[in-house]
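# Architecture and fold: a report
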Amino acid sequence: KRGLIIAIDGPSGAGKSTITKQLADRLGYIHIDTGAMFRAVALAASRAGINVDDDAALAGLCRGMEISFVRDNGCCRVVANGEDVSAAIRTPEISLLTSAISARKVVRDFLLGLQRRMGCNGGVILEGRDIGTVVFPDAEVKFYLSASAEERGRRRWLELTARGEAISLEETIAAVVRRDRQDSGREHAPLKRADDAIDIDSTGLTIEEVLDRMEACVRDRE
Ligand code: C5P
């Protein structure tokens, strides 16, 4: 094995992506954004006009899908069937659709296999909702990264408005709360803190402070 398997789970907007990317850089690990994989499936389903509860069509879609991450100048692009979908998967519409699509077992099973193959050699940090509970329950280090709903909504809103999306702060917070409810309430692999996860509440902390804490935890176990 080339290193540890590190799992980072938590609700949307807790800073998982930013933190995971930077922690991976500090450790020289590979960053696997599993949310982006669910988003890529959701985007493909939306383009193909597939209904979220049409499991047969979703299974067919997954069978024909190839998802990979391409590192480009320190930036990680998501490539689905040869197309760079990094920007297209980040719209508010696809976020909501992803939350619904990711509740489908056929989709979860497909991505579960892919995620395990991508991570099994170690030297990886996977971020998502069920990494420490389902994908890699034996991960050497598990973090549960959270922050208050207001703070998470505010961060997402800053991100979206910076990209020119016209959305209000209240709407963004409401969307975050709604997605939390969908992700925690679903039957298959709901968002849940693993019993052995280290809790990190990033409310009121800077990125550096969060990273320092997490890096110290990892170094302790290396
Ligand atoms: O992390 P991100 O916000 O990009 O994830 C998008 C959606 O994908 C989440 O709201 C969740 O429904 C789903 N997801 C999941 N399991 C994961 C990662 C993401 O169900 N491991």
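These figures come from a predicted structure and were not determined experimentally.

### Considerations on the sheet that holds strand S5 (residues 83–84)
Strand order in the open sheet formed by three strands is S3-S4-S5, and the pairing between neighbours is antiparallel. In this open sheet, the two strands that pair with only one neighbour each are strand S3 (67–72) and S5. Across six bridges, S3 lies against strand S4 (residues 75–80) in antiparallel orientation. Considered in S4, the bridge of Asp-72 is made with Cys-75. Against the sheet, helix H2 (residues 34–47) touches S3, S4 and S5, its axis set at about 120 degrees to S3.

### Quick word on the site of the ligand
Around the ligand, the structure places 15 residues, and the nearest of them are Arg-39, Arg-108, Arg-179, Asp-183 and Arg-186. Within the contact set of the ligand, an oxygen atom lies 3.0 Å away from a side-chain nitrogen or oxygen of Arg-129. The separation between an oxygen atom of the ligand and a polar side-chain atom of Arg-186 is 2.8 Å. Compared with its free state, where it exposes 450 Å², the ligand has 98% of that area covered by protein. Mapped by element, the contributors of at least two residues to the shell around the ligand are H2, helix H4 (92–101) and helix H8 (169–185).

### Overview of the packing of helix H7 (residues 149–162) against H8
Their axes nearest at 8 Å, the elements H7 and H8 cross at an angle of 120 degrees. As judged from the angle between their axes, H7 and H8 are oblique. Here H7 and H8 pass one another in a crossing that is right-handed. Residues Ala-149, Glu-150, Arg-152, Gly-153, Arg-154, Arg-156, Trp-157 and Leu-160 of H7 touch H8, and the partners they reach there are Leu-169, Thr-172, Ile-173, Val-176, Val-177, Arg-179 and Asp-180. Tallied by class, residues from the contact of H7 with H8 come to seven nonpolar, two polar and six charged.

### Observations concerning the UniProt feature "domain: Cytidylate kinase" (unreviewed entry) in the protein
Under the local residue numbering, the UniProt record ascribes the feature "domain: Cytidylate kinase" (unreviewed entry) to residues 6–216. Secondary structure across residues 6–216 comprises 50% helix and 18% strand; the distance between its end C-alpha atoms is 13 Å.

### A word on the side chain of Asp-183
Note that Asp-183 resides in helix H8. Apart from residues no more than four positions distant in its own chain, Asp-183 is found in contact with Ser-99, Arg-129, Pro-190 and Leu-191.

### Quick look at the pattern of salt bridges
What the rule picks out here adds up to 20 salt bridges. A salt bridge links Arg-47 to Glu-83; the shortest N-O distance between them is 2.9 Å. With Arg-47 in helix H2 and Glu-83 in strand S5, the pair connects residues that are 36 residues apart, well separated along the chain. A residue is classified by how much of its surface remains accessible, and Glu-83, at 33% relative accessible area, is partly exposed. For Asp-183, the salt bridge goes to Arg-129, with nearest N and O atoms at 3.4 Å. Here Asp-183 is found in helix H8, whereas its partner Arg-129 is found in the loop between strand S6 (124–128) and helix H6 (131–135), with 54 residues between them in sequence. Arg-129 matches Asp-183 in its accessibility class, with the two residues each being buried. It is possible to trace a salt-bridge network through shared partners that takes in Arg-26, Glu-208, Asp-212, Glu-215, Arg-219 and Glu-222.

### Let's talk about unusual backbone geometry
Residues other than glycine seldom take positive phi values, yet Asn-81 does so here, at roughly 45 degrees. Mapped onto the elements of the fold, Asn-81 is located in the loop between S4 and S5. At Ala-189, a residue that is not glycine, the phi angle is positive and equals roughly 45 degrees. Structurally, Ala-189 is set in the loop between H8 and strand S8 (198–201). Among the residues examined, Ala-189 registers a relative accessible area of 17% and is labelled buried.

Reading the values: the criteria
- Residues numbered from 1 in each chain as written.
- Predicted model: local features only at pLDDT ≥ 70, side-chain atom pairs only at ≥ 80, totals over all residues.
- Heavy atoms only, no water.
- Pairing = 2+ DSSP bridges.
- Helix = DSSP H or I, 4+ residues; strand = E, 2+ residues; numbered from the N terminus.
- Contact = heavy atoms within 4.5 Å.
- Axes fitted to C-alpha atoms, helices over the stretch in contact; angles between N-to-C directions.
- Near = heavy atom within 4 Å.
- Polar contact = N/O pair within 3.5 Å; in protein donor to acceptor, adjacent residues only side chain to side chain.
- Areas by Shrake-Rupley, 256 points an atom, 1.4 Å probe, with all protein chains shown as cover.
- Parallel < 35°, antiparallel > 145°, perpendicular 65-115°, else oblique.
- Left-handed = near helix turned anticlockwise from the far one by under 90°.
- Nonpolar A, V, L, I, M, F, W, Y, C, P; charged D, E, K, R; others polar.
- UniProt positions renumbered as here; feature names shortened; annotations may be inferred.
- Salt bridge = Lys/Arg side-chain N within 4 Å of Asp/Glu carboxyl O.
- Buried < 20%, exposed > 50% of the residue type's maximum accessible area, 1.4 Å probe, protein only.

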